[in-house]
Structures are given as C-alpha cells and as structure tokens.
Amino acid sequence: MNKNELKGDIKNALEDIKDDYRLYASRGYEDIQDINNKIDLPKNLMMTELWHYSEHSEIKRTSPEKYFSKTELEKMGIPTQSRNASKGNADGYALFKLLFPHIAGFVIGCAFARMFNFAFVGYVIMGIIFAFLVGVHKSTYNDKIALKYAVIKNIVLMIIEIALILLCVGIYGIIYMIG
C-alpha cells in the first residue's frame, strides 16, 4: 500500500464518520421518538396534513405545532416540543450512537483485565484493544463496511477519542494545579 492510497483511505474513513454522524442525527432520533411518542390521531388527518413525502419517498412527520395551537394540542394530548430541543437531542443521540461501541468495548476490556488481575496499565490496554475490536465488529456487521475500511475508520475514531480524553485530562490537571 503506497502513501497516496493510505491518504485516500483515511480521507474516506473521515467522510464515513461524518456520514454516520449525519445519518444518526437525522434519522435515528426521529425513529426512536416516533416509537416512544405514538401520537393517536385520526388516520385521515395523519395522511393529509401531518405527513408528507420527501424526494426519496421516505415518510417524514412534520411538527403538529405548525397546524394546531398549543391549547388544541393539549386537548388532543400531544406533547409540544421546540425545534431547538429536538435538534440538540438528535445531535447528542448521534454522538452517543457513534461512540457507544467504543465505550462498550472499553468496559468489556476492563472486565477482561479484571478477570485476569491485570494492573492499571493492563486495564487501559485491554480497554483500548476491546474498544477497537467492538468498533470494527459494529462497522463490518451492522454498517456493512468492508473490513479494510472498518479498520481504518475505527483507528481514526480511536485516535480522535484518545486525543479528546488526553485534552480533558490535561485541562483537569491544569485546573487541579491552579486550585
């Protein structure tokens, strides 16, 4: 593998991470919200004004606040949400869904290290190894990414996560030294 192919693969992995985040932010939270907040409206009303089709033939629900006042929504028993609150929740959900396999893998790695009585460094090393393996497993089996790209994507994600952890530890250390 030459340098240009590796650069292209890393660039593709970064684009894939951004696409996953956008996908989780746009679809995942709405799907969960629709399951959790089943709105009991008459079928003819749902089919006419509250639902519309996008250019990709996916059904998307528009906000009922667009068509009804707050008092009408309260009478129907529909909770009102602001658009900003749902956008913030969607971003948090997307970040959680993107990082959850790595967090779960780190916990599994720590449990494995505990089982064999490793020292602190063993916990960290096993946590990182299992976080990487669970991330690759999720990318290959759930996201249907080729193994080569799944490995590169998860290496990039692990580097970003480790950099963020080191940044937070550094900031905490500075605050601890000052205070």
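Scroll up for the structure.
Below is a summary of the structure that appears in this document. (Residues numbered from 1 in each chain as written. Predicted model: local features only at pLDDT ≥ 70, side-chain atom pairs only at ≥ 80, totals over all residues. Heavy atoms only, no water.)

A short note on the overall build of the protein
Part 1 of the reasoning: Broken down by element type, the protein carries 6 helices and 2 strands.
Part 2 of the reasoning: When the helices and strands of the protein are listed from N to C terminus, the series reads α-α-β-β-α-α-α-α.
Part 3 of the reasoning: For the protein, with 179 residues in total, the buried portion stands at 24%.
Part 4 of the reasoning: Residue pairs at least 24 apart in sequence account for 52% of intrachain contacts in the protein once pairs closer than 6 positions are excluded. (Helix = DSSP H or I, 4+ residues; strand = E, 2+ residues; numbered from the N terminus. Buried < 20%, exposed > 50% of the residue type's maximum accessible area, 1.4 Å probe, protein only. Contact = heavy atoms within 4.5 Å.)

Re the pattern of salt bridges
Part 1 of the reasoning: Scanning all chains against the criterion turns up 5 salt bridges.
Part 2 of the reasoning: What you see here is one network of salt bridges that share partners, running through Asp16, Lys138, Asp143 and Lys153. (Salt bridge = Lys/Arg side-chain N within 4 Å of Asp/Glu carboxyl O.)

Side note on unusual backbone geometry
Part 1 of the reasoning: With a phi angle near 55 degrees, Asn117 is a residue other than glycine that sits in the positive phi range.
Part 2 of the reasoning: Along the chain, Asn117 turns up in the loop between helix H4 (83-115) and helix H5 (120-142).
Part 3 of the reasoning: Among the residues examined, Asn117 registers a relative accessible area of 66% and is labelled exposed.
Part 4 of the reasoning: Of note, Lys144 is a non-glycine position whose phi angle comes to about 60 degrees, a positive value.
Part 5 of the reasoning: Along the chain, the position of Lys144 falls in the loop between H5 and helix H6 (147-178).

Here's the deal with H5
Part 1 of the reasoning: End to end, H5 covers 32 Å across 23 residues, agreeing with the expected 33 Å (1.5 Å per residue, within 8%).
Part 2 of the reasoning: For H5, every residue scored as buried is listed here: Gly122, Met126, Gly127, Phe130, Ala131, Gly135, Val136, Lys138, Ser139 and Thr140.
Part 3 of the reasoning: Taken from the residues just after H5, Lys144 is the one with a positive phi, measuring 60 degrees. (Expected span 1.5 Å × (residues − 1).)

Some remarks on the environment of Leu95
Part 1 of the reasoning: With respect to the element layout, Leu95 can be found in helix H4.
Part 2 of the reasoning: Spatially, the C-alpha atom of Leu95 lies 6.7 Å from that of Tyr21, the residues being 74 residues apart in sequence.

Considerations on a nonpolar patch on the surface
Part 1 of the reasoning: A contiguous nonpolar surface patch, about 690 Å² in accessible area, is contributed by Leu6, Ile10, Leu14, Ile160, Leu164, Leu167, Ile171 and Ile175.
Part 2 of the reasoning: Contributions of two or more residues to the nonpolar patch are made by helix H1 (3-36) and H6.
Part 3 of the reasoning: Ranked by residue count, the leading element in the nonpolar patch is H6, at 5 residues.
Part 4 of the reasoning: For Leu6, the location among the structural elements is in helix H1. (Patch = residues over 30% accessible without salt bridge, like charges linked within 9 Å, V, L, I, M, F, W, Y side chains within 5 Å. Areas by Shrake-Rupley, 256 points an atom, 1.4 Å probe, with all protein chains shown as cover.)

Digging into the packing of aromatic side chains
Part 1 of the reasoning: Applying the stated criterion across every chain, the model contains 5 aromatic pairs.
Part 2 of the reasoning: Between Phe96 and Phe100 the ring centres are 5.2 Å apart and the planes differ by 45 degrees, which places this aromatic pair in the tilted class. Separated by 4 residues within a single helix, Phe96 and Phe100 lie in helix H4, roughly one turn from each other.
Part 3 of the reasoning: Residue Phe100 is classed as partly exposed on the basis of its relative accessible area, which comes to 42%. (Phe/Tyr/Trp six-rings, centres within 6.5 Å; stacked < 30°, edge-to-face > 60°.)

Here's the deal with the side chain of Lys138
Part 1 of the reasoning: Checked against the element boundaries, Lys138 lands in helix H5.
Part 2 of the reasoning: Among the polar contacts listed, one links the side chain of Lys138 to the side chain of Asp143, at a separation of 2.9 Å.
Part 3 of the reasoning: Dropping the residues within four chain positions of it, Lys138 is found in contact with Tyr24, Pro101 and Asp143. (Polar contact = N/O pair within 3.5 Å; in protein donor to acceptor, adjacent residues only side chain to side chain.)

Side note on H6
Part 1 of the reasoning: Taking 1.5 Å of rise per residue, the 32 residues of H6 would be expected to cover 46 Å, and the 46 Å separating its terminal C-alpha atoms lies within 8% of that figure.
Part 2 of the reasoning: Taken together, the buried positions of H6 are Ala150, Ile152, Lys153, Asn154, Val156, Leu157, Met158 and Glu161.

Observations regarding the nonpolar core
Soluble globular proteins tend to bury their nonpolar side chains together.
Part 1 of the reasoning: In this structure, Ala13, Ile17, Tyr24, Ala25, Ala94, Leu98, Ile152, Val156 and Leu157 together form the largest nonpolar core, which totals 9 residues.
Part 2 of the reasoning: At the level of elements, H1, H4 and H6 are the ones that each hand at least two residues to this core.
Part 3 of the reasoning: Counting residues per element, this core draws most heavily on H1, which supplies 4 residues.
Part 4 of the reasoning: Not counting residues up to four positions away in its chain, the partners in contact with Ala13 are Ile152, Lys153 and Val156. (Core = buried A, V, L, I, M, F, W, Y, C linked by side-chain atoms within 4.5 Å.)

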